[in-house]
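# Coordinates in review
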Amino acid sequence: MSKKLMKGNVAIAEASVRAGCEAYFGYPITPQTELLEYMSERMPELGRVFLQAESEVAAINMVYGAAATGVRVMTSSSSPGISLMQEGFSYIAGSDVPAVIVDVMRGGPGLGNIQPSQGDYNQITKTAGHGDFHPIVLAPASVQEAIDLTVLAFDLAEKYRTLVFVVVDGAIGQMMEPAELPPMRELPSGRPDWALTGAKGREKNVISSLFLGTTELELMNKELQAKLAYIQANNEIRYEEYMTNDADLLLVAFGTAARVAQTAVQHLRQEGLKVGLFRPITLWPFPSRRLTQLTYLADTFLVVEMNAGQMVHDVRAAVHERVPVHFYGRMGGVIPMPEEVEQKVRELMRVVPTEDDVQTHQFPVKPQAAHEFLRM
Amino acid sequence: METSIIIAGFGGQGVLFAGQLLAYAGMDAGKNVTWIPSYGPEMRGGTANCTVIISDQPIGAPIVAQPDVAVVLNQPSFDKYVNLVKPGGLLLVNSSLVTSVCGRDDIQTAYIAANTLAEEAGNVKLLNMALLGALLARRPILTLEQLEQSLVNHVGASKAHLLELNKQVLQRGYSCQ
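Note that this is a predicted model, so its numbers are computed, not measured. (Residues numbered from 1 in each chain as written. Chains lettered and ligands numbered in written order. Predicted model: local features only at pLDDT ≥ 70, side-chain atom pairs only at ≥ 80, totals over all residues. Heavy atoms only, no water.)

This part covers the overall build of chain B. From N to C terminus, chain B includes 6 helices and 6 strands. Here chain B has a C-alpha radius of gyration of 15 Å; the compact-globule value for 177 residues is 16 Å, and the two agree. Considering chain B as a whole, with its 177 residues, one finds that 57% of them fall into the buried category. When the accessible surface of chain B is totalled, it reaches about 7,400 Å², and 52% of it is carbon and sulfur. (Helix = DSSP H or I, 4+ residues; strand = E, 2+ residues; numbered from the N terminus. Rg over C-alpha atoms; globule rule 2.2 N^0.38 Å. Buried < 20%, exposed > 50% of the residue type's maximum accessible area, 1.4 Å probe, protein only. Areas by Shrake-Rupley, 256 points an atom, 1.4 Å probe, with all protein chains shown as cover.)

Residue and element names in this part refer to chain A. Across the sheet, 7 strands lie side by side as 3-2-4-5-7-6-12; this open sheet has mixed pairing. Pairing within the sheet leaves two strands with one partner each, and these edge strands are strand 3 (49-52) and strand 12 (282-284). Adjacent strand axes in the sheet meet at a mean angle of 20° when their direction is disregarded. Pairing analysis gives 7 bridges linking strand 5 (residues 99-105) to strand 7 (residues 163-169), with the strands arranged parallel. Within the sheet, the bridge partner assigned to Asp 103 lies in strand 7 and is Val 167. (Pairing = 2+ DSSP bridges. Axes fitted to C-alpha atoms, helices over the stretch in contact; angles between N-to-C directions.)

Attention now goes to the pairing of strand 8 (residues 176-179) of chain A. Residue and element names in this part refer to chain A. Of the two faces of strand 8, the one holding Met 176 and Pro 178 and the one holding Glu 177 and Ala 179 are both buried throughout. Of the strand pairs in this sheet, strand 1 (residues 4-7) and strand 8 are connected by 4 bridges, and their pairing is antiparallel. Bridged to Lys 4 within strand 8 is Ala 179.

Ranked by internal contacts, the top residues of the largest apolar core, which has 122 residues, are Phe 89, Leu 251, Phe 301 and Val 315 of chain A. Shared between two domains, this core takes at least three residues from each, and those domains are domain 1 (4-233) and domain 2 (240-375) of chain A. Those residues within four positions of Phe 89 of chain A in sequence are excluded, and the remaining contacts are Ile 60, Ile 82, Ile 101, Ala 128, Phe 133, Leu 163 and Phe 165 of chain A. Ranked by size, the runner-up nonpolar core spans 49 residues in total, among them Ile 5, Ile 54, Leu 73 and Leu 92 of chain B. (Core = buried A, V, L, I, M, F, W, Y, C linked by side-chain atoms within 4.5 Å. Domains from an automatic or database assignment. Contact = heavy atoms within 4.5 Å.)

The subject of this paragraph is the pattern of salt bridges. Residues and elements named next belong to chain A. One pass over the structure, following the stated rule, counts 25 salt bridges over all chains. Linking Arg 259 and Glu 177 is a salt bridge whose minimum nitrogen-to-oxygen distance equals 2.9 Å. Highlighted residues: Arg 259 in helix 10 (residues 255-270) and Glu 177 in strand 8, separated in sequence by 82 residues. The buried category is assigned to Arg 259, whose relative accessible area is 6%. (Salt bridge = Lys/Arg side-chain N within 4 Å of Asp/Glu carboxyl O.)

Now for the sheet that holds strand 14 (residues 325-329) of chain A. Residue and element names in this part refer to chain A. The 5 strands lie next to each other as 9-11-10-13-14, forming an open sheet whose pairing is mixed. This sheet does not close on itself; its edge strands, each paired only once, are strand 9 (239-242) and strand 14. Taking the axes of each pair of neighbouring strands and ignoring which way they run, one obtains an average angle of 20° across the sheet. Looking at chain direction, strand 9 and strand 11 (residues 275-280) are connected through 4 bridges and run antiparallel.

Residues and elements named next belong to chain B. Computed from the structure, the largest pocket encloses a volume of approximately 660 Å³. Of all the secondary structure elements, the ones that give two or more residues to the lining of the largest pocket are helix 1 (15-28) and helix 4 (127-138). Here the element with the most residues in the lining of the largest pocket is helix 1; it accounts for 3 residues. Residues of the lining of the largest pocket, tallied by class, amount to 9 nonpolar, 9 polar and 3 charged. (1 Å grid on protein atoms, 1.4 Å probe; cavity = no way out; pocket = protein on both sides within 12 Å on 5 of 7 lines; lining within 4 Å. Points joined across faces, edges and corners; volume = space filled by probe spheres on them. Nonpolar A, V, L, I, M, F, W, Y, C, P; charged D, E, K, R; others polar.)

Contacts between the two partners involve 20 residues from chain B, matched on the other side by 24 residues from chain A. On inspection of chain B and its partner chain A, the count reaches 0 salt bridges. Here chain B is connected to chain A by 5 residue pairs in polar contact (both at pLDDT 80 or more). By residue number, the principal contributor to the side of chain B that touches chain A is strand 2 (residues 32-37) of chain B, which donates 5 residues. (Polar contact = N/O pair within 3.5 Å; in protein donor to acceptor, adjacent residues only side chain to side chain.)

A separate point is helix 1 (residues 8-18) of chain A. Burial analysis of helix 1 of chain A places 10 of its 11 residues in the buried class, the great majority of the element. Taken from the residues just after helix 1 of chain A, Gly 20 of chain A is the one with a positive phi, measuring 100°.

Geometry of an aromatic ring pair is reported as the spacing of the ring centres plus the angle between the planes. All names here are of chain A. Considering all chains together, one arrives at 6 aromatic pairs over all chains under this definition. Relative to Phe 165, the ring of Phe 89 lies with its centre 5.0 Å away and its plane at 80°, an arrangement referred to as edge-to-face. With Phe 89 in helix 5 (residues 86-95) and Phe 165 in strand 7, the pair connects residues that are 76 residues apart, well separated along the chain. Given a relative accessible area of 1%, Phe 89 falls into the buried group. Classification of Phe 165 as buried rests on a relative accessible area of 0%. A centroid spacing of 6.1 Å and a plane angle of 70° characterise the contact between Tyr 160 and Tyr 230, whose relative ring orientation is edge-to-face. In this pair, Tyr 160 sits in helix 7 (residues 143-160) while Tyr 230 sits in helix 9 (residues 214-233), placing the two residues 70 residues apart along the sequence. A relative accessible area of 49% means that Tyr 230 is categorised as partly exposed. Looking at Arg 322, its charged tip hangs above the ring of Tyr 296, at a distance of 3.8 Å from the centre. (Phe/Tyr/Trp six-rings, centres within 6.5 Å; stacked < 30°, edge-to-face > 60°. Lys NZ or Arg CZ within 6 Å of the ring centre and 35° of its normal.)

In structure tokens form, the structure reads like this:
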């Protein structure tokens, strides 16, 4: 099949249709709205359900209801809308039903703005709702990957009966790139045996997150934690490495920040600096083990995010203080430029003096690099 | 080889479509491309711009601080980008609406009266095509034929009657000194 030039939001929408999404519930919000708009036309065309709810709270509870009947269901929103949906996420997690959520992140907190951001990292990976659970979180960095991971999201949700998030920033939602769509899947003929399908001729199924007894609720929690541990152990950790083999300094970034970091690596390599990029694709489960291994290779880490520093805490936890983990980020919907990242790397590798160096009259510390600097 | 192009002007001047057409043509020519708009609470008459990157290699950042080429369709865009074009780069100015002259001698500058060119051809709305033509004459990242073919491939049925005129304006821009 040939490639088409597609906008991220539209690509995610069509990918979900082809992955067999049977019902979509949502509420418009920029920079995600093209996704909902596309679904409003496409789903009825296929005889599937599209419903614009009266609010995000209503939309996520409709998702919960549809998920309980065993259909492939999704919603999409952007940061403030995702915040509103949190109660529903927790109910879905507590009920062990599968659902796919797309978050096209924008600048926050509050209403913030509609520019690209990665400020929802903590909200989605750590605190997607009350109680103890994590969704699986997939973070594409291109339109093609957004398509591939959306399809994967439905499969993982069903396989583990869990919430799966696809998180992109507004840039990937709005950007156009050539990409290839997967073939259209046939919809399943039956429903899973746990689903609410009318209990005619069988024992009734109960889908609920209400367990009033402490013993029961603790047991339910233990089972949920066992499932999450199984997901972590079951090869669901995904990441990509770029020029890490001989890297002295390792950049760690996801989504659009990783694209920026990749360009920075290309430029810095031309200067002879050994820099590599580690890009987590699953933000939960987080690729901690591989990052620990990479501390034996690179002696400095620099995390680049479009927020005040959220994933950096997971990176620090992963490397057990074996190497210093630095951070560079922009907030407020600003995408960092590769040049900013490059400058930060040069400072860390002491190719150029830092502000502190200048104030304390220190010269760059790496002898070879200092030599280069003095020649400049 | 990687070329970054920023096209900027008023909403309604065809800034976003001009960028998309470049991206389509780049894709059809088998290159890697990205197109990213400035998006915001903006409407017709406000400012709009998009960044297009066309490359033989996979593209990292879809945005650039210093573009290789800036195509500025109005005065505010000229003011914003005149000093951002990378040394050795190209600044294409719609001199129908921009009265300033670029004072830099480290970039190539061309002044195209795009509104006039398009109007003479029969439709002032096609000024974006005049500038794309002028761009390809100075930076052969794609051939004129490739761009014309992409017009044919990607212009919707509702605009099909404008196809010939689009091509004419493209060619006028291409031949414009």
